[in-house]
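Analysis of the macromolecular model
Each chain, letter by letter, is given below.
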Amino acid sequence: MTMKTAASKIPDWAAGGVVALLVMLAFAFDWSSFEKLEYLTYDLRSTLRQKKVSTPVVIVGVDEVTIEKLGPLPLPRTYMAEMVRKLREYEAKTIGVGFIYSKSESENDRGLSALREIMGKIDKDPATHKDPRVADIQKAIVEAEHSLNTDPVFAGAIENSKNVVLPLSFYLTDNVAAEEDVKPPTADYVMKNSVKTDAKGTFLTARGIVLPIREFADKAHALGHLNIVPDSDGIVRSDPPLILYKDRLFPSFAFQLALAYKGLGISEITINGGIKAAKALTIPLDKNGRMLISYTGKVSSSPYYSFLDVMSGKIPAAMFKDKIVLVGLTADGGGAVNRTPLGSNYNNIEIVAAALENILNSNHITRPWWLTYVELPVMLLFWGIIAFLIPRVKTVAGAVIAGMALIVWGAICIFLFYSQGLWVKMSYPALVLLFGYIAVVSRQLLLGEDKTTAADTSETNKMLGLSLQGQGQLDAAFEKFRKCRLEDATTRELLYNLGQDFEQKGMQSKAQAVYEHIISAGDYKGLSDKLKKLKTTGEKVTPAAQPQESEATIMMMEGSSTKSTLGRYEVLRELGRGAMGVVFLGKDPKINRDVAIKTLSYDEIDSEQVVEIKTRFFREAEAAGKLSHPNIVRVYDVGEDKNVAYMAMELLEGTDLARYCAKDSRLPFGEVLRVVTRVGEALDYAHQNGVVHRDIKPANIMLLNNKELRVTDFGIARVMESSKTQTGMVLGTPSYMSPEQIAGRKVDGRSDLFSLGVVFFELLVGERPFKGDSIATLMYNITSTPPTPIKKIEPRIPICVVEIIDKLLQKNAEDRYSRGKDLLDAINKCKKTLVKRPVPPTA
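A quick note: this is a predicted structure, and the numbers were derived from the prediction, not measured.

Each value, and the rule that gives it
- Residues numbered from 1 in each chain as written.
- Predicted model: local features only at pLDDT ≥ 70, side-chain atom pairs only at ≥ 80, totals over all residues.
- Heavy atoms only, no water.
- Helix = DSSP H or I, 4+ residues; strand = E, 2+ residues; numbered from the N terminus.
- Buried < 20%, exposed > 50% of the residue type's maximum accessible area, 1.4 Å probe, protein only.
- Contact = heavy atoms within 4.5 Å.
- Pairing = 2+ DSSP bridges.
- Salt bridge = Lys/Arg side-chain N within 4 Å of Asp/Glu carboxyl O.
- Axes fitted to C-alpha atoms, helices over the stretch in contact; angles between N-to-C directions.
- Parallel < 35°, antiparallel > 145°, perpendicular 65-115°, else oblique.
- Nonpolar A, V, L, I, M, F, W, Y, C, P; charged D, E, K, R; others polar.

Some details on the environment of Pro391
Relative to the helices and strands, Pro391 resides in the loop between helix 14 (372–389) and helix 15 (395–420). Given a relative accessible area of 15%, Pro391 falls into the buried group. Here the alpha-carbon distance between Pro391 and Tyr437, two residues 46 residues apart in the chain, equals 9.5 Å.

Structure (structure tokens):
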């Protein structure tokens with residue numbers, strides 16, 4: 001059964017219905033691939049919802065300057081105690097300390113233990129009690145103990161302030177650190193900061209708990225969890241206001257701060273599809289028991305002050321009066337950095353500030369349960385449009401209807417999100433419309449059922465096909481005739497004549513394809529018998545046997561005893577097509593080695609260009625043949641056979657780097673450095689041997705299956721000794737060309753290093769440093785404007801890597817590395833500086 005026959009048995013309503021059903025099943029089960037697409041539309045709408053808000057939240061950040069002046073983390077408790085006392089003095093209404101002081105982090109435990117052990121030995125020895133010198137020692141030990149034991153100092157500050165909220169943390173997986181952490185919490189301070197519940201499955205469930213030091217927790221006004229929970233794609237879009245642990249619900253740090261600010265307690269909350277605390281606070285929840293966060297800007301909307309500036313009294317007290325003050329880590333690289341829908345990074349304390357602002361201002365993004373019963377009917381409506389309306393109108397009109405429906409739906413979803421904070425799942429109905437439209441229109445195209453335009457289109461394709469056939473472009477003519485209705489006798493006659501032309505040129509397999517297409521609608525002029533003869537005849541066509549066609553594909557019928565050859569090489573099949581010709585899989589029969597054979601058919605080139613192109617082809621062989629390096633593709637042989645020039649080279653199994661240049665498929669950071677290092681080694685070797693590649697780009701760098709690397713395609717490489725004839729020629733791929741290459745000036749190895757800099761940039765961030773709407777604009781930007789700052793795209797790129805790329809992309813060749821070895825030295829030096837710090841992810 002042909003595809004056309006099968007398609008004719010599927011009605012439009014069923015074609016669209018299958019699509020709609022599949023999308024609705026994905027919707028019902030939250031299929032991850034579709035959910036990630038929905039997240040993209042959510043993030044886009046979030047960027048449109050940014051707005052300036054008034055918030056009582058102030059952040060006091062432990063930044064880089066604070067750490068430099070006061071010492072490494074964790075800051076001494078005395079500093080934290082002093083900060084709490086100062087904020088209380090400044091009349092802050094609520095203080096949130098965003099550091100989890102668990103019992104495993106108690107300061108100076110070993111020193112205190114040693115001092116107390118010494119005191120115990122002195123107390124147990126009666127002989128020491130009469131010695132006045134021992135008394136002096138005891139006094140010194142007591143003073144040292146008091147100075148080391150800073151926990152009571154901090155606990156006292158918490159107790160005196162009476163408004164400090166401390167965080168705790170949960171283990172949300174089975175990877176719990178200590179057995180004692182999973183015991184049911186029974187301490188009074190834990191019980192009063194949680195509520196008993198019978199809820200199962202509604203809220204996020206914890207496996208273990210990390211509690212603050214009891215001395216601190218007893219004195220704190222409240223405790224709240226500081227768990228930041230990203231979605232499956234790693235982006236933080238929500239905050240869990242309550243986490244279930246051991247049949248008790250524990251509020252979040254932000255929720256406890258809001259309750260304290262409003263003078264409420266956890267005992268006053270009620271849960272019924274959402275959370276309410278008296279009449280002061282309302283928190284809507286999604287089906288997973290989370291509160292969606294409405295980010296107000298790419299940076300936190302809360303005022304921010306340095307911990308050091310507050311400690312030194314530089315910030316007026318009025319900035320903190322009656323405010324919620326969050327004290328937390330904001331130093332780059334000092335703690336967790338979270339991705340948000342706005343494409344920016346928030347520290348944990350900034351996530352808390354955003355959630356807290358939402359709770360206090362009722363600035364919520366919500367997804368009520370009833371929205372599902374809106375989205376499902378919209379999916380059914382779109383199914384009705386594609387199944388019953390689209391097939392009855394012109395193709396263009398159908399596309400307009402589908403496009404307008406998509407635009408209207410998108411506008412409604414964006415408006416509701418922006419103005420009301422309603423998250424309507426936009427992508428699922430849109431996918432029903434898009435995929436359904438494709439399914440229905442594809443079915444019509446297979447059957448030729450576009451009733452209103454089929455006649456005109458068919459006549460146009462007949463005319464184009466006849467014109468192409470007259471020019472000898474038989475394959476292109478066949479493509480046009482295939483678009484005409486086979487029920488038309490004229491179409492079948494045209495195809496029959498085309499099949500005869502293929503036969504006359506010795507292309508029996510292509511003639512066979514034409515005849516099979518004709519009889520798919522019924523026998524015609526005895527073609528069934530003719531096809532049987534063609535199938536038993538077999539054929540052999542060499543690359544030079546098709547002077548009229550643009551193809552150079554070698555075809556051999558099964559069972560043929562004769563094998564196609566080029567020189568001494570057996571040609572097995574076509575591998576692909578490059579800039580200068582067809583590439584075949586071949587075998588060297590002398591040593592039984594598989595090779596890649598790159599060909600150039602002179603018959604396919606204008607007679608005026610044959611000499612020039614032939615010269616370039618053999619120049620590639622000359623350039624590549626001079627080189628013997630583990631990271632450069634090896635060339636074994638070069639020659640001519642009839643009207644075909646060929647070059648036998650190493651057969652590579654792998655893929656080029658072009659597939660790793662997209663944002664979602666980047667290589668790991670360390671692998672990018674390895675790749676650039678290997679290419680740099682290959683280029684340094686080539687340059688020292690007098691060869692400039694002139695077309696370094698991802699497509700010309702192969703990453704093999706065994707992780708080795710090969711630089712390929714020296715097709716436009718220039719042998720330096722004969723470079724005088726090349727000045728003024730612009731060869732290469734525009735996006736990767738150096739400024740001097742674009743200007744047509746004489747180039748050397750530094751041009752290749754510029755191109756490698758573009759590749760390095762693209763592998764790291766998934767974008768090119770120079771862009772343009774046209775070739776002219778692109779070339780102007782390469783020669784005249786600075787590249788896009790790589791730090792602007794990916795802030796985590798190390799400074800030493802940024803400096804290397806900046807030097808590679810200098811406009812003036814004199815300002816770049818003089819040779820590849822200098823680049824390798826810079827990379828190795830950079831690697832040494834990265835040993836003690838985490839490598840930034842790029843994939």
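Read on, since the account is not over.
Observations concerning the environment of Cys830
Secondary-structure assignment places Cys830 in helix 29 (residues 820–833). Counting along the chain gives 26 residues from Cys830 to Ile804, while the straight-line C-alpha distance between them is 8.8 Å. Excluding residues within four positions of it along the chain, Cys830 makes contact with Cys800, Val801 and Ile804.

A few points about the sheet that holds strand 4 (residues 195–196)
If you walk across this open sheet you meet the four strands as 4-10-9-5, and the pairing is mixed. Only two strands of the sheet have a single neighbouring strand rather than two, namely strand 4 and strand 5 (204–205). Taken together, the four bridges between strand 9 (residues 242–245) and strand 10 (residues 248–251) define a ladder with antiparallel strand orientation. In the sheet register, Leu244 faces strand 10, and the bridge partner there is Leu249.

Quick notes on the pattern of salt bridges
Per the counting criterion, the structure on display carries 31 salt bridges. Its salt-bridge partner being Asp748, residue Arg750 comes within 2.8 Å of it at the nearest N-O pair. Judged by relative accessible area, Arg750 falls into the buried class, the value being 17%. In this structure Asp748 comes out as partly exposed when scored by relative accessible area, which is 27%. Here the salt bridges share partners, and the residues they tie into one network are Asp43, Asp231, Asp233, Arg237 and Arg290.

Points about the packing of helix 23 (residues 669–688) against helix 25 (residues 749–765)
Where helix 23 contacts helix 25, the two axes come as close as 11 Å, and the packing angle between them is 170 degrees. As summarised for this structure, helix 23 and helix 25 are arranged roughly antiparallel, according to the angle between their axes. Contact residues: helix 23 offers Phe669, Val672, Leu673, Val675, Val676, Val679, Gly680, Leu683 and His687, while helix 25 offers Gly749, Asp752, Leu756, Phe760, Leu763 and Leu764. Partitioned by chemical class, the residues of the contact of helix 23 with helix 25 number eleven nonpolar, three polar and one charged.

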